[in-house]
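A look at the structure
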Amino acid sequence: MFYFLNDGTTPLILAAAGGHIEAVTELLQQGADPNARRLTGTTALFFAAQGGYMDIASLLLEHGSIVDSCSIDGGTPLFVACQCGHLDVVEGLIERGANPNAYMKDGATALFIAAQNGHLRILEVLLEHGAKTDAARTDGATPLWIGAQMGHDHVVRRLLKAGAKVDATRHDGATPLFKAAHKGHTAVVGELLKYRPSLGILPNGESALHAAALTGQMTVTRQLVGAGADPLLMNQEGITPLQLAIRHSQTQVANYLKDKVRTRTGTS
């Protein structure tokens, strides 16, 4: 007889989560169900993947664990391995049939999770096995978008090389460049600019230079102006990046933009 806790946790799940392969082996030999779920929908395989225990994951799969068994939010063992950075588990699960394009209820894929957490090698493995580069979350955010927001320039570089759309726009109208500019991720901005992203007014009514001016990102401001961004481009409210910098007391950015305007107009 096998006992369950109130949340559905079984001895097998506990053993797998703790990395105790001898206990897992014994419990399976005694007939424990490898696909028993907690109330959250998670199985022993999910916890083995989370802990980075590929030996236990392999054993569970040999005894009939469903490789893409998902939790109530849609997360599979592959998702949690990507989140935690367990490369060997990611490779092992994919070799055993895990779907690299499965997605959670919010639309996030394993590639999205890898990009969000900056796990470059895992991201490369997923791409090598057919992960969709521009698969978007329900809010429109793509792996490139989240990688840019998080400041993972190595991830951004790899996704762009794989053909990710540089101007993939979240539903609020923000592009990867806009988010990187807003947060001051200079290395990400540099990578994105290599692929000629839009420097004009975006669907959110602002430009990337507006974002940099608002938050006082001096280095990003220089990068964007150097790439051709216009300090006098008006947003949906009729405000230029220069005016925005002045309004928000971003003195260094404002002075730089003033100098650029003077040079362009020939005024003193």
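In the nomenclature of an unreviewed UniProt entry, the chain is known as Ankyrin repeat domain-containing protein 29 isoform X2 of Bombus terrestris.

Under the criterion given, the structure shown has 10 salt bridges. One salt bridge in this structure joins aspartate 139 and arginine 137, with 2.7 Å as the shortest N-O distance. Classification of aspartate 139 by relative accessible area gives partly exposed; the value is 24%. The exposure class of arginine 137 is buried, given its relative accessible area of 18%. Taken together, the shared-partner salt bridges in this structure form one network comprising Arg121, Glu124, Glu128 and Arg158.

Bringing the nonpolar core into the picture now. Generally speaking, a soluble globular protein has its nonpolar side chains buried in company with each other. Among the nonpolar cores identified, the biggest contains 84 residues, and Val24, Leu60, Leu78, Leu93, Leu126, Leu192 and Leu224 are the most heavily contacted of them. Not counting residues within four places of it along the chain, the set of residues in contact with leucine 78 comprises Val90, Leu93, Ile94, Ala98, Asn99, Pro100, Ala110 and Leu126.

What follows covers the side chain of histidine 86. Mapped onto the fold, histidine 86 is located in the loop between α5 (77-84) and α6 (87-95). In this structure the side chain of histidine 86 is engaged in a polar contact, spanning 3.4 Å, whose partner is the backbone nitrogen of glycine 52. Non-local contacts of histidine 86, meaning those with residues more than four positions away in its chain, are made with Ala49, Gln50, Gly51, Gly52, Ala81 and Ile122.

Another point: α6. Of the positions making up α6, those classed as buried are Val89, Val90, Gly92, Leu93 and Ile94. Just past α6, the residue glycine 97 takes up positive phi, approximately 100°.

Here the focus is unusual backbone geometry. Here arginine 196, not a glycine, exhibits a phi torsion of approximately 50°, which is positive. Within the secondary structure layout, arginine 196 lies in the loop between α12 (186-193) and α13 (208-215). With phi around 55°, serine 249 is a residue other than glycine that occupies positive phi space. In this structure, serine 249 sits in the loop between α15 (241-247) and α16 (251-265).

With that out of the way, let us pick up the UniProt feature "repeat: ANK" (unreviewed entry) in the chain. Under the UniProt annotation, "repeat: ANK" (unreviewed entry) lies at residues 7-39, 40-72, 73-105, 106-138, 139-171 and 204-236. For residues 204-236, the end-to-end C-alpha separation is 8 Å, with 52% helix and 0% strand making up the annotated structure.

Mapped onto the elements, proline 203 comes out in the loop between α12 and α13. Judged by relative accessible area, proline 203 falls into the exposed class, the value being 67%. Residues proline 203 and lysine 105, spaced 98 residues apart in sequence, show a C-alpha to C-alpha distance of 26 Å. Non-local contacts of proline 203, meaning those with residues more than four positions away in its chain, are made with Thr169 and Gly173.

This part takes up the packing of α5 against α6. Following both chains from N to C, one finds α5 and α6 inclined at 160°, their axes separated by 8 Å at the closest point. As the angle between them shows, α5 and α6 are arranged roughly antiparallel. Both α5 and α6 take part in a crossing whose hand is left-handed. In this structure, α5 contributes Pro77, Leu78, Ala81 and Cys82 to the contact, and α6 contributes Val89, Val90, Leu93 and Ile94. Taken together, the residues that form the contact of α5 with α6 break down as eight nonpolar, no polar and no charged.

Calculation rules
Residues numbered from 1 in each chain as written. Predicted model: local features only at pLDDT ≥ 70, side-chain atom pairs only at ≥ 80, totals over all residues. Heavy atoms only, no water. Salt bridge = Lys/Arg side-chain N within 4 Å of Asp/Glu carboxyl O. Buried < 20%, exposed > 50% of the residue type's maximum accessible area, 1.4 Å probe, protein only. Core = buried A, V, L, I, M, F, W, Y, C linked by side-chain atoms within 4.5 Å. Contact = heavy atoms within 4.5 Å. Helix = DSSP H or I, 4+ residues; strand = E, 2+ residues; numbered from the N terminus. Polar contact = N/O pair within 3.5 Å; in protein donor to acceptor, adjacent residues only side chain to side chain. UniProt positions renumbered as here; feature names shortened; annotations may be inferred. Axes fitted to C-alpha atoms, helices over the stretch in contact; angles between N-to-C directions. Parallel < 35°, antiparallel > 145°, perpendicular 65-115°, else oblique. Left-handed = near helix turned anticlockwise from the far one by under 90°. Nonpolar A, V, L, I, M, F, W, Y, C, P; charged D, E, K, R; others polar.

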